[in-house]
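# Structural description and commentary
Here is how the chains run, residue by residue.
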Amino acid sequence: MKRTREVERRSEIKCAIEELSMFVKLKPPDGDNYDSAQIPTKSFLCICNLILQVLDKIGPTMAVLRQDIYQNIQRIEVLCESDSAVNSNLVEMLKKETSEGTAKKGNTSSKAFVWLTRTLDFTVALLLRLSKDPGQNMEQAVEESYNITLKPWHGWISSAAFKVALKLVPDRKTFFDILMAKDESYKTLTEDIQNYVTFLAPMLEHIHSTLRFYDLDRLKSI
């Protein structure tokens with residue numbers, strides 16, 4: 001409850017920046033040995049949950065995307081709770097499911113991790129476009145961000161669902177009003193977005209390198 005009240009007093013972007021600061025201390029792999037890498041599960045999921053809070057504010061138009069993110073978060077949370085000591089590091093989860101030959105089969109935690117990472121890729125691309133180009137409308141920014149991050153991995157069913165949702169996104173001003181905390185200025189929000197991307201980009205690079213090592217970076221949906 002206390003954490004919820006703290007989030008309400010600040011923007012989701014500010015909260016995400018605080019969580020991302022944890023990743024600055026990530027243990028890099030020893031050479032090409034990605035088995036030694038560290039990706040804290042709880043911090044990663046916290047960042048993903050903050051995205052859900054933004055989608056909740058936007059409303060039912062983002063229901064399909066929100067449900068997909070929520071299910072992937074839940075899948076990893078369940079695994080983490082089953083053995084918190086081992087699964088506190090997402091790399092250990094990848095290592096285990098890969099060694100068992102289950103990482104690419106069914107609704108695995110590894111696949112959930114891949115899609116949550118791609119959602120963060122989409123978030124970075126969208127926020128960068130909106131903050132750098134004040135003249136770009138929301139629908140165009142969302143579509144272009146989708147095309148370079150999620151579309152290459154979506155099949156026709158997922159792509160069709162996105163096209164429907166695209167027509168229902170809020171306008172640019174409404175979206176930025178949603179992101180801003182009470183009494184926060186547009187300038188401050190833009191600076192927060194830039195800081196958010198500064199922290200998130202190297203984290204995503206680290207994660208993508210790890211996914212490539214485990215041959216999970218090219219998974220596709222239907």
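Residues numbered from 1 in each chain as written. Predicted model: local features only at pLDDT ≥ 70, side-chain atom pairs only at ≥ 80, totals over all residues. Heavy atoms only, no water.

### Description of the overall build of the chain
- When its secondary structure is counted, the chain shows 11 helices and 0 strands.
- Ordered by position from the N terminus, the helices and strands of the chain form the series α-α-α-α-α-α-α-α-α-α-α.
- For the chain, buried positions account for 47% of its 222 residues.
- Partitioning the contacts of the chain with sequence separation of at least 6, the portion at a separation of at least 24 is 71%. (Helix = DSSP H or I, 4+ residues; strand = E, 2+ residues; numbered from the N terminus. Buried < 20%, exposed > 50% of the residue type's maximum accessible area, 1.4 Å probe, protein only. Contact = heavy atoms within 4.5 Å.)

### What about the environment of S84?
- Mapping S84 onto the fold places it in helix α5 (residues 84–87).
- Classification of S84 as partly exposed rests on a relative accessible area of 46%.
- A C-alpha to C-alpha distance of 9.9 Å links S84 and K42, two positions 42 residues apart in sequence.

### Considering the layout of surface pockets
- In this structure, the largest pocket encloses a volume near 990 Å³.
- What lines the largest pocket is a set of 49 residues, among which L65, D68, T119, L150 and H154 lie closest to the centre.
- Mapped by element, the contributors of at least two residues to the lining of the largest pocket are α2 (12–20), α3 (41–58), α4 (63–82), α7 (109–132), α8 (138–149), α9 (156–166) and α10 (172–179).
- In terms of residue count, the dominant contributor to the lining of the largest pocket is α7 (8 residues).
- Residues belonging to the lining of the largest pocket are distributed by class as follows: 33 nonpolar, 11 polar and 5 charged. (1 Å grid on protein atoms, 1.4 Å probe; cavity = no way out; pocket = protein on both sides within 12 Å on 5 of 7 lines; lining within 4 Å. Points joined across faces, edges and corners; volume = space filled by probe spheres on them. Nonpolar A, V, L, I, M, F, W, Y, C, P; charged D, E, K, R; others polar.)

### Points about α4
- With 20 residues, α4 extends 28 Å between its outermost C-alpha atoms, agreeing within 8% with the 28 Å of an ideal straight helix rising 1.5 Å per residue.
- Every buried residue of α4 is accounted for by I69, N72, I73, I76 and C80. For α4, the angular spread of buried residues about the axis comes to 95°, placing them on one side. Turned more than 90 degrees away from the buried face of α4 sit V64, V78, E81 and S82, all of them exposed.
- On the buried face of α4, the contacting elements are α3, α5, α6 (90–100) and α7. (Expected span 1.5 Å × (residues − 1). Arc of directions from axis to C-beta.)

### Structural notes on unusual backbone geometry
- Of note, the phi angle at D215 is positive, near 55°, even though the residue is not glycine.
- For D215, the location among the structural elements is in the segment after α11 (186–213).
- With relative accessibility at 47%, the residue D215 sits in the partly exposed group.

### Some details on the confidence of the model for the chain
- Here the chain averages 82 in pLDDT, and 86% of its residues register 70 or above.
- Low pLDDT (under 50) marks residues 1–9, which in the prediction has 7 contacts with non-local residues, meaning those over four places away or in another chain. (pLDDT = per-residue confidence, 0-100.)

### Notes on the environment of Q38
- Secondary-structure assignment places Q38 in the loop between α2 and α3.
- Q38 sits in the partly exposed class, given a relative accessible area of 37%.
- Considering only alpha carbons, one finds Q38 and N89, 51 residues apart in sequence, at a separation of 5.9 Å.

### Here's the deal with the packing of α6 against α7
- Across the interface, α6 lies against α7 with an axial gap of 9 Å and an inter-helix angle of 130°. It follows that α6 is oblique to α7 by the angle criterion. Across the interface between the two elements, L90, M93, L94 and E97 of α6 pack against S109, S110 and F113 of α7.
- Among the residues making up the contact of α6 with α7, the classes are represented as 4 nonpolar, 2 polar and 1 charged. (Axes fitted to C-alpha atoms, helices over the stretch in contact; angles between N-to-C directions. Parallel < 35°, antiparallel > 145°, perpendicular 65-115°, else oblique.)

### So, the pattern of salt bridges
- If you walk through the whole model with that rule in mind, you get 7 salt bridges.
- In this structure, D215 and K104 form a salt bridge, with 2.8 Å as the shortest nitrogen-oxygen distance. Here K104 lies in the loop between α6 and α7 and D215 lies in the segment after α11, a separation of 111 residues in the sequence. (Salt bridge = Lys/Arg side-chain N within 4 Å of Asp/Glu carboxyl O.)

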